[in-house]
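# Commentary on secondary and tertiary structure
The primary structure of each chain is shown beneath.
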Amino acid sequence: MAESATAALESLLMSSPFSDPALLEATDAVPDRRILPDVTVVKVGGQSLIDRGRAAVFPVVDELLEIKRTHRLLIGTGGGTRARHIYSLAAELGLPTGVLSEVGSAVAGQNASMLGYLMARHGVPVVGSTALSAIALYLAESGAAIFSGMPPYDMWQRVPETGVIPPYRTDAGCYLVAETYGCANMIFIKDEDGLYTANPKNDPSATLIPEITVDELIEADLPDLVVERPVLELMRHARHVRSIQIVNGLRPGLIRRAVEGEHVGTIIRSSS
């Protein structure tokens, strides 16, 4: 049966354009293999947490180190305020989206390096984008690994409809890692309790949304989202990671509770 399906697929690949619906259906016939199904991806926000320094970062580091005793973790990092500064400068210089993506990657990488040094004595390595193929070895050895959340698109970053800011940044990059490796969960560690109807930092009427679907969220067209909007489009086509969770990293214990499957913060699902 498998040989027959393989032969049929090979025949279609040799004779049909890649846009052929029959070819696309044939490639979809075999379920994707989940490469790291017992791993949780957590993203440590750059502006939300790392930019706050010791008071915010140290408790999160301690909590992640404690969690990795019983759960395998991939820890992605955001860029934060320094990335915003470099985007502003590069945009003012008239540089294109691909260049902004490349220089923004460096900032997220700096944050990954800093977390790596803080966790180094516990054997947690920082893994560059070219070394992700060895991620299983790092996880087997230490139970966790750190990576820069910026997807390695660089000059090949998708050009946005308006402006030059890279649309696929560190939220999208971390989600893509979780989806590609078929991980168990994708948790975004922010400085808010979850998704709100408005920005709670400047709108006292904002209310928490405990759970929502991608379609409902897109239809709501909220002025401010706690995650990058392209993540929602990626979730529409998800095969494995069909929900994401947003938790407040400034509140001790919430990261562990989310990793262990508890509904804290906000859960966004690809469908109801």
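Residues numbered from 1 in each chain as written. Predicted model: local features only at pLDDT ≥ 70, side-chain atom pairs only at ≥ 80, totals over all residues. Heavy atoms only, no water.

Where helix α7 (residues 170-180) meets helix α9 (residues 229-236), the closest approach of the two axes is 8 Å, and the angle between their N-to-C directions is 25°. Looking at the two axes, α7 sits roughly parallel to α9. When you trace α7 past α9, the crossing you get is right-handed. Contacts from Asp171, Ala172, Tyr175 and Leu176 in α7 reach Val231, Leu234 and Met235 in α9. Looking at the contact of α7 with α9 residue by residue, the class counts come to six nonpolar, no polar and one charged. (Axes fitted to C-alpha atoms, helices over the stretch in contact; angles between N-to-C directions. Helix = DSSP H or I, 4+ residues; strand = E, 2+ residues; numbered from the N terminus. Parallel < 35°, antiparallel > 145°, perpendicular 65-115°, else oblique. Left-handed = near helix turned anticlockwise from the far one by under 90°. Contact = heavy atoms within 4.5 Å. Nonpolar A, V, L, I, M, F, W, Y, C, P; charged D, E, K, R; others polar.)

Let us now look at the environment of arginine 169. You can see arginine 169 is positioned in the loop between β3 (144-148) and α7. Exposure remark for arginine 169: the relative accessible area of 27% places this residue in the partly exposed category. Taking the C-alpha atoms as reference, arginine 169 lies 8.4 Å from glycine 104; in sequence the two are 65 residues apart. Filtering out sequence-adjacent residues up to four positions away, arginine 169 remains in contact with Tyr87, Gly149, Met150, Pro151 and Glu228. (Buried < 20%, exposed > 50% of the residue type's maximum accessible area, 1.4 Å probe, protein only.)

The strand order across the open sheet built from seven strands is β3-β2-β1-β4-β8-β9-β7, with neighbouring strands paired in mixed fashion. The two strands at the open ends of the sheet, each matched to only one other strand, are β3 and β7 (211-213). Averaged over all pairs of adjacent strands, the angle between strand axes in this sheet comes to 20°, irrespective of strand direction. Across four bridges, strand β4 (residues 185-190) lies against strand β8 (residues 243-248) in parallel orientation. Across the sheet, the residue bridging to isoleucine 189 is valine 247, located in β8. Across the sheet, helix α5 (residues 97-119) is in contact with β1 (39-44), β2 (72-77) and β3; its angle to β3 comes to roughly 155°. (Pairing = 2+ DSSP bridges.)

With that settled, the discussion passes to the state of the cysteines. In this structure the tally under the stated criterion is zero disulfides. No disulfide involves cysteine 174; its nearest neighbouring cysteine sulfur is the one of cysteine 183, lying 11 Å away. Classification of cysteine 183 as buried rests on a relative accessible area of 0%. (Disulfide = S-S within 2.5 Å.)

Inspection of the secondary structure puts glutamate 179 in helix α7. Setting aside residues no more than four positions away along its own chain, glutamate 179 makes contact with Ala238, Arg239, His240 and Val241.

Right, let's get into the packing of aromatic side chains. Two aromatic rings are characterised by how far apart their centres lie and by the angle between their planes. Scanning all chains against the criterion turns up one aromatic pair. Taking the centre distance of 6.2 Å and the plane angle of 65° together, the rings of tyrosine 153 and tyrosine 168 count as edge-to-face. Here tyrosine 153, found in the loop between β3 and α7, pairs with tyrosine 168, found in the loop between β3 and α7; they are 15 residues apart in sequence, far enough to count as distant. We classify tyrosine 153 as partly exposed; its relative accessible area is 27%. (Phe/Tyr/Trp six-rings, centres within 6.5 Å; stacked < 30°, edge-to-face > 60°.)

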